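Coordinates in review
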Amino acid sequence: MTFFAESGQADDTPHPPGSPDSELGPLPEALKRNQSLVPSDSSAGRALVTVIAILTFLAALAAGAAQLVASASSEWNASIAREATIQVRPNPQRDIEADVAAAADIARADVAIDGVLVYSRAEAERLLSPWLGTTLDFVELPIPRLIVLTVKPGIQPDFATLRSKLAAAVPGTTIDDHRAWIARLSAMAGTVVFGALAIVGLVLVAAALAIASATRGAVASNREILEVLHFVGADDQFIAREYQRRFLGLGLKGGLIGGGAALLCLIVGGMMARYWRASPGGDQLEALFGLFDIGIWGYASVAAIAVIIALVTAAVSRTTVRRHLSGLQ
């Protein structure tokens, strides 16, 4: 904002000695010609940009992590929902191999089943080795035989009917359609996403408080100048708009810095995950976060957070200035 002599601004031209203007001393910088009401560069402004950048960085990281977990959870659910497991428990009065073959034939006859994979006893023992150790003798243990079913895409199997057929043909057989695991994964992903949204909300509240405090400090330091502006006819809306414009610029600058740093961290994390994909740690990361790619919606959410924080900066500064000015009247 600039002030012109015709709108009531005092200029900074020299005055003859002894004139009334010369006795007032030099004018404040903000009242000189072509000077903005809010300083364009100050230590307080740089500090506010730093605070906004840090808060934006934290909020963007939280949003990116939520997007990663949500995408990975969707992949987990889709993968688990396409599989089911038949357990054939050993019975001393029955031939376990014949029961396994009968259960596999019943599963293959179902039109919704795309594939049937029968695990041998050795493979079942190998699955138990990480939990029971390799030194344990599995010979006398009643280890159930497993049959993994793959469901055709887009078809919902009738597990109740399949379960009844298996129970009639092979007593003691059970089917696990992984609904419990899907519910747990969905609950875990929902908790992480809710926590990330809560973090974003807290960051916005913290940003609003910091901006309000910085705005009150800027207004208080220019109290005499604001009184002069009121005297020459400037209204509260005009003054508040100048502060809003200046703090919007600070918010955009801090948001871009924080959002850009968050995107850089996510991109570097994705590159490191792809580099370590062949290692056991990389396999675990890929199993937890998928391909570590937030996708287009993740990038859009980070950009949206930066813009939202800038808009919050402008709105809070305008509201704070209006309230402060109303208290001066």
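In this text, all values refer to a predicted model and were calculated from it rather than measured experimentally.

Things to note about the sheet that holds strand E3 (residues 145–151)
Read across the sheet, four strands follow the order E2-E3-E1-E4 without closing on themselves; strand pairing throughout is antiparallel. At either margin of the open sheet sits one strand with a lone partner, and together these are strand E2 (113–118) and strand E4 (173–176). Geometrically, the sheet is characterised by an average inter-axis angle of 20° between neighbouring strands, direction not taken into account. Bridge count between strand E1 (residues 83–88) and E3: six bridges; the pairing is antiparallel. Bridge pairing in E3 links Thr85 to Val148. Where helix H4 (residues 159–169) meets the sheet, it contacts E1, E3 and E4, and its direction lies at approximately 160° from that of E4.

Topic: the nonpolar core
Ranked by internal contacts, the top residues of the largest apolar core, which has 30 residues, are Leu226, Ile239, Tyr243 and Val321. The dominant element in this core, judged by the number of residues it contributes, is helix H5 (residues 179–221), at nine residues. Every residue in contact with Val321, bar those within four places of it in the chain, is listed here: Thr215, Val219, Ile239, Ala240 and Tyr243. If you look at the next biggest cluster of nonpolar residues, it comprises 17 residues, including Val100, Ala103, Ile147 and Leu162.

Considerations on the side chain of Thr56
Among the structural elements, Thr56 can be located in helix H1 (residues 43–81). A distance of 2.7 Å separates the side chain of Thr56 from the backbone oxygen of Ile52, its partner in a polar contact. Ignoring any residue separated from it by four or fewer positions in sequence, one finds Thr56 in contact with Gly254, Gly255, Gly258, Gly259, Ile305, Ala306 and Ile309.

Here's the deal with a nonpolar patch on the surface
On the surface, Leu264, Val268, Met272, Tyr275 and Trp276 cluster together into a nonpolar patch covering about 550 Å² of accessible area. Within the secondary structure layout, Trp276 lies in the loop between helix H7 (236–275) and helix H8 (280–289).

Examining the pairing of E3
For E3, a buried count of six out of seven residues is recorded, marking the element as mostly surrounded by other parts of the structure. Judged from the five bridges that link them, E2 and E3 form a sheet pairing that is antiparallel. Its bridge partner being in E3, Ile113 is matched across the sheet by Val151.

Here's the deal with the packing of H1 against H5
For any two helices packed against each other, one specifies the inter-axial angle together with the distance between the axes. Closest axis-to-axis distance for the H1/H5 pair is 9 Å, and the angle between their directions is 170°. Relative to H5, H1 is oriented roughly antiparallel. Counted by class, the contact of H1 with H5 contains 27 nonpolar, three polar and no charged residues.

About the cut-offs
- Every residue gets a number counted from 1 within its own chain, in the order that chain's sequence is written.
- With the structure being a predicted model, the display of local features is reserved for residues of pLDDT at least 70 and the display and counting of side-chain atom pairs for 80 or more, all residues being used for whole-chain, interface and lining totals.
- In computing side-chain values, all of the structure's heavy atoms are included and hydrogens and water are not.
- A strand pair is defined by DSSP finding two or more bridges across the two strands.
- Here a strand is any run of E in DSSP of at least two residues, a helix any run of H or I of at least four, and the numbering for each starts at the N terminus.
- Every angle, taken between N-to-C directions, lies between 0 and 180 degrees, and every axis is a line fitted to C-alpha atoms, over only the stretch in contact when it is a helix.
- Any pair of residues with heavy atoms lying within 4.5 Å of one another is described as a contacting pair.
- Residues belong to a common nonpolar core when they are buried Ala, Val, Leu, Ile, Met, Phe, Trp, Tyr or Cys residues joined through side-chain atoms within 4.5 Å.
- The buried label goes to any residue with under 20% of its type's maximum accessible area, the exposed label to any with over 50%, and the partly exposed label to all in between, with areas taken from a 1.4 Å probe on protein chains only.
- We define a polar contact as two N or O atoms separated by no more than 3.5 Å, with the added condition that, inside protein, one atom must be a possible hydrogen donor and the other a possible acceptor, whereas residues neighbouring each other in sequence contribute only through side-chain atom pairs.
- Residues with no salt bridge and a relative accessible area higher than 30% make up the patches, which join like charges within 9 Å and nonpolar side chains (Val, Leu, Ile, Met, Phe, Trp, Tyr) within 5 Å.
- Using a 1.4 Å probe, accessible areas were evaluated by the Shrake-Rupley method; residue-level cover was limited to the displayed protein chains.
- Here, a salt bridge means any side-chain nitrogen of Lys or Arg that lies within 4 Å of a carboxyl oxygen of Asp or Glu.
- Our angle categories are set so that under 35 degrees counts as roughly parallel, over 145 as roughly antiparallel, 65 to 115 as roughly perpendicular, and the remainder as oblique.
- Nonpolar residues are Ala, Val, Leu, Ile, Met, Phe, Trp, Tyr, Cys and Pro. Charged residues are Asp, Glu, Lys and Arg, and all others, Gly as well, are polar.

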